[in-house]
Amino acid sequence: MPLSEHEQRMLEQMERALYAEDPKFATALEGSGLRTYTRRRVYQAVAGFLVGIALLMAGMVAQQIWVSVVGFLVMLGCAVLAVTGWRKAPKPGEQPAAGAPGAPQARRQGRQRRSMMDRIEQRWQRRRDEQGGQ
């Protein structure tokens, strides 16, 4: 649900006041969003993937199949985490909704539905106008 114009103005005023009072704190808050969290999660997943490769290789060298299997599973799990984390990361200009991990996707779907509904309403209005004019 988008903010009304009044709410957006109030939010902007609050942001300006925060920057005026404590600019260091305000800039620290900027980087603590969903984008930073997902970036950190992707980096951790890449590091885990490398650990999985090391386990896989160590299992092969030591001829311990179970260590290789664990390494492969770690690699697989980290790859899934990295890909899902990368997809959830908002675009640089996009503002995610607070507290909702899947909010950008839900908002995108809402926009698509609205645009589809707008097109249907426009077609309906055109048909009504055409029928009324004849």
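It should be emphasised that the depicted structure is a prediction, and the values quoted were computed from it without experimental measurement.

**Student:** Looking at this model, I keep getting lost on the overall build of the protein chain. Mind explaining?
**Tutor:** Each helix and strand in the protein chain was counted, giving five helices and zero strands. Tracing the protein chain from N to C terminus, the helices and strands come up as α-α-α-α-α. Within the protein chain, contacts between residues separated by at least 24 positions form 42% of all contacts whose residues are at least 6 apart in sequence.

**Student:** Where do I start with the UniProt feature "transmembrane region" (unreviewed entry) in the protein chain in this structure?
**Tutor:** What UniProt calls "transmembrane region" (unreviewed entry) maps, in this numbering, to residues 42-59 and 65-86. End C-alpha atoms of residues 42-59 are separated by 25 Å, and the span's content is 100% helix alongside 0% strand.

**Student:** What am I meant to see in the environment of G59 here?
**Tutor:** Here G59 lies in helix α3 (residues 34-61). Sequence separation between G59 and G71 is 12 residues, and the spatial gap between their C-alpha atoms is 8.0 Å. Non-local contacts of G59, meaning those with residues more than four positions away in its chain, are made with Q64, V67 and S68.

**Student:** In this structure, what is going on with the environment of L76? I would like to understand it.
**Tutor:** The topology assignment puts L76 in helix α4 (residues 65-88). Separated by 24 residues in the primary sequence, L76 and G52 have C-alpha atoms spaced 8.4 Å apart.

**Student:** It is not clear to me how the environment of G85 should be interpreted in this structure. Could you clarify?
**Tutor:** Turning to its location among the elements, G85 is positioned in helix α4. Residue classification places G85 among the buried residues on the basis of a relative accessible area of 0%. Leave out the neighbours within four places in its chain, and G85 touches T38 and V42.

**Student:** So what exactly am I meant to see when it comes to a nonpolar patch on the surface here?
**Tutor:** A grouping of I65, V69, F72, L73, L76 and V80 is seen on the molecular surface, where their side chains present a nonpolar patch of about 590 Å² in accessible area. In this structure, V69 sits in helix α4.

**Student:** So what exactly am I meant to see when it comes to the confidence of the model for the protein chain here?
**Tutor:** The predicted coordinates ought not to be read in detail in places where the model reports low pLDDT. Counting all residues, the mean pLDDT for the protein chain is 75, and 69% of those residues have values of 70 or more. Low pLDDT (under 50) marks residues 96-103, which in the prediction has seven contacts with non-local residues, meaning those over four places away or in another chain.

Analysis parameters
Residues numbered from 1 in each chain as written. Predicted model: local features only at pLDDT ≥ 70, side-chain atom pairs only at ≥ 80, totals over all residues. Heavy atoms only, no water. Helix = DSSP H or I, 4+ residues; strand = E, 2+ residues; numbered from the N terminus. Contact = heavy atoms within 4.5 Å. UniProt positions renumbered as here; feature names shortened; annotations may be inferred. Buried < 20%, exposed > 50% of the residue type's maximum accessible area, 1.4 Å probe, protein only. Patch = residues over 30% accessible without salt bridge, like charges linked within 9 Å, V, L, I, M, F, W, Y side chains within 5 Å. Areas by Shrake-Rupley, 256 points an atom, 1.4 Å probe, with all protein chains shown as cover. Salt bridge = Lys/Arg side-chain N within 4 Å of Asp/Glu carboxyl O. pLDDT = per-residue confidence, 0-100.

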